[in-house]
Protein chains: 2
Amino acid sequence: MSELNKVIHEPARLRIMATLISLRKDEQIDFGSLGKLLELSDGNLGSHLQKLETAGYVDIEKTFEGKRPKTYVALTAEGGKAFRAHVKALEKILYE
Amino acid sequence: MSELNKVIHEPARLRIMATLISLRKDEQIDFGSLGKLLELSDGNLGSHLQKLETAGYVDIEKTFEGKRPKTYVALTAEGGKAFRAHVKALEKILYE
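Predicted model, so just to flag it, every value in this text is computed and none were measured.

1. Re the pairing of strand 2 (residues 58-65) of chain A
Moving residue by residue along a regular strand, the side chains alternate between the two faces of the sheet.
Residues and elements named next belong to chain A.
Alright, step 1. Judged from the eight bridges that link them, strand 2 and strand 3 (residues 68-75) form a sheet pairing that is antiparallel. Bridging across to strand 3, E61 finds its partner in Y72.
Alright, step 2. Taking the residues that link successive antiparallel strands as the turn, the strand 2-strand 3 hairpin has two residues, and the phi of G66 there is positive, at about 65°.

Here it is in C-alpha cells:
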C-alpha cells in the first residue's frame, strides 16, 4: 500500500511544501511572506518549519538585512523528492 | 483559503472514504473486507469508522447472517459531498 508521509501530510506542512515546490530551483522565500501567504502565525509557521527542517525537507537561513533579522526558507532536494512521492501516494488513494 | 476537512484528512480515514466513494450508489461493503483491503486491524478500522459515523459521513449497519454478526458500511450523501469538497481543497493546494 502506498504510504503517506506523516511529516508532509499535516495540513499546514502540506501547504508549506506545496508553496516551496512552486518556487524556482534554489529560490528562497522569506519567513514573513510565507506566513502571510498561508495565513499562519509566526509561532505556528516556525514550529512547522522546524519539523520540516528536522526531516531534512527545508533549509532555513537566518541572516540580517541591516540590523533586522531575516529568515529565508527553501526546499531541499530531499524535500522535493519526498513531496513528489507524497503527492503520488495521495493520487493513488484518490484516483485509483 | 480552501479548508481541508480534518475528519477526512487523516490517512486511514482518507483511504476509507476513497474506498467507499468508489462503490456504486447505496452499495455497502462489509467491515471485514474493508479492513482487509486497507490493511487495518478491526480495532483501528472500528475507531475510524466511528469518527466518520459521528460526522455523518458513513452509515454503519449491524446485522446477522445466520448466527454470525456482520457489519456493513456505506457512504452517506453528506459523506460523498464532504469527500468531494476535501479532494477539491487538496487539489487546490497541490496543483494551483
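2. Observations concerning the interface of chain A and chain B
Alright, step 1. If you look at the interface, chain A gives 19 residues, while chain B gives 19 residues.
Alright, step 2. Counting the surface lost from both chain A and chain B, the interface buries some 1700 Å², and carbon and sulfur atoms represent 70% of this.
Alright, step 3. Counting every contact that joins chain A to chain B gives zero salt bridges.
Alright, step 4. Taken together, the elements giving at least two residues each to the side of chain A that touches chain B come down to helix 2 (11-21), helix 3 (31-38) and helix 5 (77-95) of chain A.

3. A word on the packing of helix 2 of chain A against helix 5 (residues 77-95) of chain B
Alright, step 1. One can describe the packing of helix 2 of chain A onto helix 5 of chain B by two numbers: an axis separation of 8 Å at closest approach and a directional angle of 35°. Touching L14, R15 and A18 of chain A of helix 2 of chain A are L90, I93 and L94 of chain B, all from helix 5 of chain B.

4. What about the packing of helix 2 (residues 11-21) of chain B against helix 3 (residues 31-38) of chain B?
Residue and element names in this part refer to chain B.
Alright, step 1. Packing of helix 2 against helix 3 leaves a shortest axis separation of 11 Å and a crossing angle of 120°. Of the possible angle classes, the one that applies to helix 2 and helix 3 is oblique. Along this stretch, helix 2 crosses helix 3, giving a crossing that reads as right-handed. On helix 3, the residues touching R15, I16 and T19 of helix 2 are L34, L37 and L38.
Alright, step 2. Residues that form the contact of helix 2 with helix 3 fall into these classes: four nonpolar, one polar and one charged.

5. Description of unusual backbone geometry
Alright, step 1. The phi angle at D26 of chain A is positive, at roughly 70°, despite the residue not being glycine.
Alright, step 2. Structurally, the position occupied by D26 of chain A is in the loop between helix 2 and strand 1 (29-30).

Quick notes on the rules
Starting afresh in each chain, residues are numbered from 1 along the sequence in its written order. By the order in which they are written, chains take letters starting at A while ligands take numbers starting at 1. Note on the predicted model: pLDDT of at least 70 is required for a residue's local features to be given, and 80 or more for side-chain atom pairs to be given and counted; whole-chain, interface and lining totals, by contrast, use all residues. Heavy atoms from the whole structure form the basis of all side-chain values; hydrogens and water molecules are not counted. Pairing between strands is defined by DSSP: at least two bridges between the two strands are required. Helix and strand labels come from DSSP, where a helix needs a run of H or I of at least four residues and a strand needs a run of E of at least two; each type is numbered from the N terminus. Residues are treated as being in contact if the distance between any of their heavy atoms lies within 4.5 Å. Accessible area that two parts lose when put together, evaluated with a 1.4 Å probe and summed over both, is termed the buried area. Just to be clear on terms, a salt bridge is a Lys or Arg side-chain nitrogen sitting within 4 Å of an Asp or Glu carboxyl oxygen. Fitted lines through C-alpha atoms serve as axes, helices being fitted only where they are in contact, and the angles separating the N-to-C directions of these axes extend from 0 to 180 degrees. Note on angle classes: values under 35 degrees are labelled roughly parallel, values over 145 roughly antiparallel, values of 65 to 115 roughly perpendicular, and the remainder oblique. For any pair of crossing helices, the crossing counts as left-handed if the nearer helix is rotated counterclockwise from the farther one by less than a right angle, and right-handed if it is rotated clockwise. Residues are grouped as follows: Ala, Val, Leu, Ile, Met, Phe, Trp, Tyr, Cys and Pro are nonpolar; Asp, Glu, Lys and Arg are charged; every other residue, Gly included, is polar.

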